[in-house]
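# A structural walkthrough
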Amino acid sequence: MSQPHVFQSLLDRPAARFHLRNPDRGLVLATRVETAFDSRSRRTGLLGRSGLPPGTALAIAPSNAVHTFGMRFPIDVVFIRRDGRVLKCVRNLRRGRIAAALRAFAVLEFAAGSDAVAATRPGDRLMLDEAGPRTSAD
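Residues numbered from 1 in each chain as written. Predicted model: local features only at pLDDT ≥ 70, side-chain atom pairs only at ≥ 80, totals over all residues. Heavy atoms only, no water.

Note that soluble globular proteins tend to have their nonpolar side chains buried in a common cluster. Residues Phe7, Leu20, Val78, Ile80, Leu108, Phe110 and Leu126 are the most contacted members of the largest nonpolar core, which totals 24 residues. Beyond its immediate stretch of four places on either side in the chain, Phe7 contacts Phe37, Ala59, Ala61, Ile80, Phe105, Ala106, Leu108 and Leu128. (Core = buried A, V, L, I, M, F, W, Y, C linked by side-chain atoms within 4.5 Å. Buried < 20%, exposed > 50% of the residue type's maximum accessible area, 1.4 Å probe, protein only. Contact = heavy atoms within 4.5 Å.)

As structure tokens, this is what we get:
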């Protein structure tokens, strides 16, 4: 990820907490953003978990496709460009499915049923806002 991108601040300030916002619609999509930026964590994703807490997003980059083979729960998925523009939203992706957006730079995964994801549309711009330092509770 050598070129600037929407997740640059996560790399530059790994000790900070960030909120993922959709300023075009005045929405907060996540109050906690987990990252999968290396090969191992991208391959693992949410496999082995029993769920994803509400208000949490898993950012997978670079990636333009995800699968739910072996997953225990459905997810909402947002595909974005490098600049944070939404290309595609997939709601309630059930187990054993694949979703892709060939021009995507990254994928954001959420617990299925997120109202903010449901209101997000292709063309919206997503961004990160620093929420303060991480604590042991994070």
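So, next bit.
This brings us to the side chain of Glu34. Secondary-structure assignment places Glu34 in strand E3 (residues 32-36). Look at Glu34 and you get buried, because its relative accessible area is 14%. A distance of 3.2 Å separates the side chain of Glu34 from the side chain of Arg32, its partner in a polar contact. (Helix = DSSP H or I, 4+ residues; strand = E, 2+ residues; numbered from the N terminus. Polar contact = N/O pair within 3.5 Å; in protein donor to acceptor, adjacent residues only side chain to side chain.)

Looking along the chain, the bond that leaves Ala61 and enters Pro62 is cis, with omega of -10 degrees. Structurally, Pro62 can be placed in the loop between strand E4 (56-60) and strand E5 (65-67). A positive phi is found at Asn92, a non-glycine position, where the angle reads about 55 degrees. For Asn92, the position within the fold is in strand E7 (residues 86-93).

Side chains Ala16, Phe18, Leu20 and Asn22 of strand E1 (residues 16-22) all project onto a buried face; the interleaved residues Arg17, His19 and Arg21 project onto a face where none is buried. Of the strand pairs in this sheet, E1 and strand E2 (residues 27-30) are connected by three bridges, and their pairing is antiparallel. Considered in E2, the bridge of Leu20 is made with Ala30. (Pairing = 2+ DSSP bridges.)

For the rest of this paragraph, the subject is the packing of aromatic side chains. Evaluated as defined, the whole model comprises one aromatic pair. A centroid spacing of 5.6 Å and a plane angle of 35 degrees characterise the contact between Phe7 and Phe37, whose relative ring orientation is tilted. Pair noted here: Phe7 is in the segment before helix H1 (8-12) and Phe37 is in the loop between E3 and helix H2 (39-44), with a separation of 30 residues, a long-range link. Residue classification places Phe7 among the buried residues on the basis of a relative accessible area of 1%. (Phe/Tyr/Trp six-rings, centres within 6.5 Å; stacked < 30°, edge-to-face > 60°.)

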